[in-house]
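Summary of the model geometry
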Amino acid sequence: MLDQKKRRSNSPEKEKGRGAPDVFSSSSCSTLSQNIPAKLVPLHEGTHTNTLFFVSRQSPLLFKMRALQLLVLLLFGLVGAQQKALMDYLERRLLAIEDRISLWHEQTSRYASELREFKQQMVAQLEGLDKTKEALRTELDTVGTRVDRVEREMDYLETQNGAQPCVDVDDKLVEQQVTVVKERNKAKYSKLTDCSDMISSIKAMKILKRVGGTKGMWTKDMGAATGKVYILNGTDDNTLYEFGSVRDLTSSQGLSSATSIQLSSSWRGMGHAVYKHHLYYMKEGEETRLIKFDLQKSIVVDSAVFPAKNQLPVYSLNPETYIDLAVDEEGLWAIFATQENERHISLAKVDPKTLDIEQTWDTPCVRENAEVAFVICGTVYVVYNSKLPSRSRIQCVFDVSDMVTNDDAPHVYFPKRYGTHSSLKYSPVEQLLYAWDDGYQILYKLQMKKKLEV
């Protein structure tokens, strides 16, 4: 008994030394629950007071353990309920997703079927359109062939029955004009060359480029073999554009690729000319002044007032041009019109060195419906059109040497184009016409023949 009491009296100290983990372990709890009733019996038999103290200290511990067990069980129950609720929720969501997937499969199948049907319909319609396109193409080819045949027949008829020369039919007026011309041309023109070529037909046409606006002028240096190309865009500007060659122009992206040359003043109209490294143009302003600009030095070397008074636009279809400068084998010419002879076009020979007017002529060619003119071997060719652009044609000629008359003039029609010519510049070296037509740069190859003495 003494040993047992010692062990019981020493147990609290040992419990304090060992700490709480042994008391709250699962094995200790079970041992206490099993042994406490046996230890309570000696209390009624008068055991030592230390035993009562031990039992009273162990009772709250047992209560705590029971409460902890109940709390754990309650927690496990709550977790189980939450897990079941979560599983039920997930199952419901999965079922909803499966239903949506099933619906999506059904819709996809329906859409795929509709798309296949639509594709078949489109293929059928495209095949029908291809057949219709081929039929239209065949019809257009047939119509184009007929139109070409009609144009050839019209050209043949026009060649066989040419339009009447643009000469006044009034006999008195004709006599007056002949008298005036004879008085002005008492001194026969002395040709500088033995050139005797005249136009027979337009051999070919080549469209090179489209740069600039509706109206303008492009040309080479007609008196020097430089190969450079010059463009004067518009009817009034002061910027000259220079390309190294025709190839450079055709392969360029536009005027931005050219060398810009600033002139000292703005030009007027489209009647400019480049001759022996110089640009000749009419200055913008009230005074009709001819400017000679050195292209190599970029300076004005000479200028002169054109000695014609009361000037009029030389071409009714290009009213911006008052004086049209032209170059041929003989040199520099000026085509103009005045109120003195307002219905007709006049011609003047210009000295390119001094800008003096050497000689003038009044031609029988009228201004009405004239669009441009050019000079070849001392013969001026006036090109006519209509206010509604159609096919341009040479309808009046005048030769300063009296070797060609309107009766001998060829009935030359230009190929179909886009509008009306704003300028035509003849190259005596290449026998080409440099044309500006609605912003397009065009070359006409000429078929030539010899003049016959009248």
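A brief report on the enclosed structure follows. Note that this is a predicted model, so its numbers are computed, not measured.

On a plain count of helices and strands, the chain comes out with 5 helices and 20 strands. Nonlocal contacts in the chain, meaning residues at least 24 apart in sequence, comprise 54% of its contacts between residues at least 6 apart.

Here we come to the pairing of strand β8 (residues 289-294). The buried count for β8 comes to 5 of 6 residues, which makes it a mostly enclosed element. Bridge count between strand β7 (residues 278-282) and β8: 5 bridges; the pairing is antiparallel. Directly across from Y281, in β8, lies its bridge partner I291. Taking the residues between adjacent antiparallel strands as the criterion, β7 and β8 are bridged by 6 residues, where G285 takes a positive phi near 150 degrees. Bridge analysis of β8 against strand β9 (residues 299-305) gives 6 bridges, and the strand direction is antiparallel. Within the sheet, the bridge partner assigned to K292 lies in β9 and is D302. Where β8 folds back on β9, the antiparallel hairpin that results is connected by 4 residues, among which S298 adopts a positive phi of roughly 60 degrees.

A few words on the side chain of D221. Tracing the sequence through the fold places D221 in the loop between β2 (216-220) and β3 (229-233). An unpaired buried charge is present at D221: no salt bridge exists, and K228, the closest side chain of opposite charge, is 8.6 Å distant. In this structure the side chain of D221 is engaged in a polar contact, spanning 3.4 Å, whose partner is the backbone nitrogen of A224. Of note is the side chain of D221, whose polar atom sits 2.7 Å from the backbone nitrogen of H277. The contacts of D221, once residues within four sequence positions are left out, are T226, K228, Y230, V274, Y275, K276 and H277.

Another point: unusual backbone geometry. The residue K276 is not glycine, and still its phi comes out positive at about 50 degrees. With respect to the secondary-structure elements, K276 resides in the loop between β6 (273-275) and β7. Located in the positive-phi region is N310, a residue other than glycine, with phi close to 50 degrees. With respect to the helices, strands and loops of the structure, N310 is situated in the loop between β9 and β10 (323-328).

Going through the model one piece at a time under the given rule, you end up with 2 disulfides. A sulfur-sulfur distance of 1.4 Å marks the disulfide that ties C195 to C377. Here C195 is found in the loop between α4 (171-184) and β1 (197-210), whereas its partner C377 is found in the loop between β14 (370-376) and β15 (379-384), with 182 residues between them in sequence. Since its relative accessible area comes to 10%, C195 is described here as buried.

Reading guide: rules and limits
- For every chain, the first residue of the written sequence is number 1, and numbering continues from 1 along that sequence.
- Given that this is a predicted model, residues contribute local features only at a pLDDT of at least 70 and side-chain atom pairs are listed and counted only at 80 or more, while totals for whole chains, interfaces and linings are drawn from all residues.
- Each side-chain value is worked out from all heavy atoms of the structure, with water and hydrogens disregarded.
- Per the convention used, a helix needs a DSSP run of H or I reaching at least four residues, while a strand needs a run of E reaching at least two, with both numbered from the N terminus.
- Two residues qualify as a contact provided that any one of their heavy atoms is within 4.5 Å of a heavy atom in the partner residue.
- For the exposure calls, accessible area comes from a 1.4 Å probe over protein chains only, and a residue counts as buried if that area is under 20% of its type's maximum, exposed if over 50%, partly exposed in between.
- Two strands pair under a simple rule: DSSP has to find at least two bridges between them.
- Think of it this way: Lys and Arg go in the positive column, Asp and Glu in the negative one, and His and the chain ends go nowhere.
- By salt bridge we mean one thing: a side-chain nitrogen of Lys or Arg within 4 Å of a carboxyl oxygen of Asp or Glu.
- Here a polar contact is taken to be a pair of N or O atoms separated by no more than 3.5 Å, where protein atoms must pair a possible hydrogen donor with a possible acceptor and residues adjacent in sequence count only if both atoms sit in side chains.
- Note on disulfides: each one is a pair of cysteine sulfur atoms within 2.5 Å.

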